[in-house]
Amino acid sequence: MASSSSIHARLALVALLSATTYYCIHKYRRLKRLKTLSLNPSTTTTSTSRGKIFFISQTGTSKSLAERLHKLLESNGVAFDLVDPRSYEPEDLPKETVAIFVASTWEGGKPPKDGEFLVDWLSESAEDFRVGSLLLSGCRFGVFGVGSRAYGEERYNAVAKEMSRRMVGLGGVEMVPVGEGDVDDGELDREFQEWCDGVIRVLKGGSAREITNEVSQNGVVESDGEEYIDSTDEEEEDDSNDIVDLEDIAGKAPSRKNGVVKVAKGDGKKEMVTPVIRASLTKQGYKIIGSHSGVKICRWTKSQLRGRGGCYKHSFYGIESHRCMETTPSLACANKCVFCWRHHTNPVGKSWQWKMDDPKEIVKGALDLHTKMIKQMKGVPGVTPEKLQEGLTPRHCALSLVGEPIMYPEINALVDELHGKRISTFLVTNAQFPEKILMMKPITQLYVSVDAATKESLKAIDRPLFADFWERFIDSLKALQEKQQRTVYRLTLVKGWNTEELEAYFNLFSIGKPDFIEIKGVTYCGTSATSKLTMENVPWHTDVKAFSEALSLKSKGEYEVACEHAHSCCVLLGRTDKFKVDGKWFTWIDYEKFHDLVASGELFTSRDYMAETPSWAVYGAEEGGFDPEQLRYKKERHHHPKPQAVLA
């Protein structure tokens, strides 16, 4: 028995030694081959001559940047291939001589789905003792990360940093330090360009040290005329001539470059609008109020001043567009919607964390700046003295210019200030602050943006900061039901994103029981680094009408299609039990009655200040929501094919 056990033990030992010997021989041969490859890559036929640019992208930002780098390299005579990681075999990475990665960080600090396999392969290979540390020794690489600090510093560009660490661990030679870009701070394009310049310099035979610079003993780095200061030292003087070409109201956070922060001098108080952004927006026609508010004249205001028609709110609710002021007391938002017409350059946050201006000063500033812009319309063809004079006395305020107005801590005081001047209020919230909705005082009309009908699609479209965004969304709809004044669901239809969710949208009706449901086709605002929507995502007015009619049928008479504004590609559903009286719609508002009710201090409901809708605004009318008292204007087009566009 003992002899048998001894034999088994000896056989096991022999097997173990044999396996170890085989592994060592295999490892020696493999390492020798890799070393030869790295020292003399031209001797092997498996090495690719063209470099690769990989983009790991969720919304298209990283892909767009990678395409930009690809064109830049081509213009500098450097041959590279642009690679989608979905069509690439990671096992081929050891064959590459140069690999550049533009990688975004998605939910939970993880890579987007399209790049998961490549990133996982790197991680697994780096952790596998059988692979060793010379697998990628013949590959030079660089990584640029695209992320957002709004999701937490620990997750900021986590994927890019991890890829760099894994590549180095597998023997890769890092050409330049990891580049980091924040999609929210307004510096992404500049940071990427600087990083690209460094990559090109290295590829052309320069030194990486030339472009990264050395930090001197006092913490200052001089580079191309700009001064970078270590975050532990004093702040630098702001360059007020650094104009950013944006059509957005936004604030810039300090930018980070290779561990060094570029900052502007200040008094220590955090403001949403920096001098750089203020100068840029002034150039583009925006007017900034204080440190966190803004106002801009709407094109429909100009249109009705000229007698060429009002916006959909004129058709649906009787607002006088030429007497409407569009403003916001908060440029910040808690979402990063794919169709944001400000391209996500405005600040984001989950709570108010900035210097706060007085509500009276905001209202005064908004009115002063708005009337100055109205005065500039004097002498414009079609603007009569009567209309101009009316425009100088705003009667409506759309609190929806940009951002999340309900975040402003003194929003009730601001609304009181407007109502005290007999200016009506239309406030739009993005359904992430239900407690704010509940504590709001009476608003002429309170909107909740319902951008999607399921948790998955809402996450994809709105890209909210809150982890419990869906619960907040549902609670916001519930809070809407508690309001006694007019309430609205605002639906923005985006082809390919949410137009197939008819049943799910209908299921949301019973939660908030809104008075009205606005259904509008998304407005194409051009492609940006943060939004890849195209004209293919924009529904036709016939599509919006069909969607609206289908929702109406689903409700079995609870909601019917009440109005339309064809030019805005917008349709209104109204509750029949409240706003359809004896076969006639009462979607318009008696604004004077509303102000009297507010001033009385007594309880009142949406029925107490409704007014009859004119026949031309009712759904199905031949006017299509265009006020017949206005002059329909057809703009000539001089390109082919010639569309029959009608502008109002």
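As annotated in an unreviewed UniProt entry, the protein chain is tRNA 4-demethylwyosine synthase (AdoMet-dependent) from Raphanus sativus. Word for word, the UniProt comment on the protein chain under Cofactor (unreviewed entry) is "[4Fe-4S] cluster".

Asker: With reference to specific residues and values, describe the nonpolar core.
Answerer: Note on soluble globular proteins: their nonpolar side chains tend to be buried together. Core analysis: the biggest nonpolar cluster contains 72 residues, and Val450, Phe473, Tyr489, Leu491 and Ile519 have the highest contact counts within it. When neighbours within four sequence positions are excluded, isoleucine 519 is seen to be in contact with Leu491, Leu493, Val544, Phe547, Ser548, Leu551, Cys569, Cys570, Val571 and Leu573.

Asker: Which residues make up the side chain of aspartate 515, and what are the values?
Answerer: Its location among the elements puts aspartate 515 in the loop between α16 (502–512) and β18 (516–521). Classification of aspartate 515 as buried rests on a relative accessible area of 2%. Those residues in contact with aspartate 515 that sit more than four places away from it in its chain are Gln485, Arg486, Thr487, Tyr559, Leu573, Gly574, Arg575, Lys578, Phe579 and Ser606.

Asker: How would you sum up the side chain of serine 424? Please name residues and give values.
Answerer: For serine 424, the position within the fold is in strand β15 (residues 424–429). When its relative accessible area of 0% is taken as the criterion, serine 424 is described as buried. A polar contact of 2.8 Å, which involves the side chain of serine 424, links it to the side chain of histidine 396. Ignoring any residue separated from it by four or fewer positions in sequence, one finds serine 424 in contact with Arg395, His396, Cys397, Thr444, Tyr591 and His595.

Asker: Requested: an account of the packing of helix α10 (residues 359–375) against helix α12 (residues 411–420), with residues and values cited.
Answerer: Each pair of packed helices gets described by two things: the angle between the helix axes and the distance between those axes. The interhelical angle for the contact between α10 and α12, taken along N-to-C directions, is 45°, at an axis separation of 8 Å. Classified by the interaxial angle, the pair formed by α10 and α12 is oblique. α12 is crossed by α10, and the crossing has right-handed handedness. In contact with Pro359, Lys360, Ile362 and Val363 of α10, α12 contributes Ala413, Leu414, Glu417 and Leu418.

Asker: Please give an account of the packing of α16 against helix α17 (residues 541–554) that cites residues and values.
Answerer: Two elements in contact, α16 and α17, have axes whose closest approach is 10 Å; the angle formed by their N-to-C orientations is 55°. Taken together, the axis directions place α16 and α17 in an arrangement best described as oblique. Crossing handedness for the pair α16 and α17: right-handed. Packed against α16, whose contacting residues are Leu502, Glu503, Tyr505, Phe506 and Phe509, the element α17 presents Phe547, Ala550, Leu551 and Lys554 at the interface. Considered class by class, the residues forming the contact of α16 with α17 number seven nonpolar, no polar and two charged.

Asker: Any chance you could break down the pairing of strand β4 (residues 140–147) for me, citing the residues and the numbers?
Answerer: Burial analysis of β4 places seven of its eight residues in the buried class, the great majority of the element. Relative to β4, strand β3 (residues 98–104) runs parallel, the two being bridged by seven bridges. Paired with alanine 99 across the bridge in β4 is phenylalanine 141. Bridge count between β4 and strand β5 (residues 173–174): two bridges; the pairing is parallel. What sits directly across from phenylalanine 141, in β5, is glutamate 174. On the question of chirality, the crossover connecting β4 to the parallel β5 by way of helix α4 (residues 158–169) is right-handed.

What counts and what doesn't
The numbering scheme is per chain: residues are counted from 1 as the chain's sequence reads. Local features in a predicted model are, by the rule used here, given only for residues with pLDDT of at least 70; side-chain atom pairs are given and counted only at 80 or more, and totals for whole chains, interfaces and linings are based on all residues. The side-chain values count all of the structure's non-hydrogen atoms but skip hydrogen atoms and water molecules. UniProt positions are given in the numbering used here, feature names are shortened, and annotations may be inferred rather than shown by experiment. Side-chain atoms within 4.5 Å are what join buried Ala, Val, Leu, Ile, Met, Phe, Trp, Tyr and Cys residues into a set we call a nonpolar core. The rule is simple: take the accessible area with a 1.4 Å probe, protein chains only, and divide by the maximum for that residue type; under 20% is buried, over 50% is exposed, in between is partly exposed. What makes two residues a contact is simply this: any of their non-hydrogen atoms within 4.5 Å. Numbering of helices and strands runs from the N terminus; a helix is a DSSP stretch of H or I covering at least four residues, while a strand is a stretch of E covering at least two. Two N or O atoms count as a polar contact when they lie within 3.5 Å, although within protein this holds only if one can serve as hydrogen donor and the other as acceptor, and sequence-adjacent residues are included solely when both atoms are side-chain atoms. Angles shown run from 0 to 180 degrees and are taken between the N-to-C directions of axes, each axis being a line fitted to C-alpha atoms and, for helices, limited to the stretch in contact. Between 65 and 115 degrees an angle is taken as roughly perpendicular, under 35 as roughly parallel, over 145 as roughly antiparallel, and anywhere else as oblique. Each crossing gets its handedness from the near helix: less than a right angle anticlockwise from the far helix is left-handed, clockwise is right-handed. Ten residue types, Ala, Val, Leu, Ile, Met, Phe, Trp, Tyr, Cys and Pro, are classed as nonpolar, four, Asp, Glu, Lys and Arg, as charged, and the remainder, Gly among them, as polar. Any two strands with at least two DSSP bridges between them are considered paired. A clockwise course of the path from the first strand over the helix to the second, judged with the strands pointing away from the viewer, identifies a crossover as right-handed.

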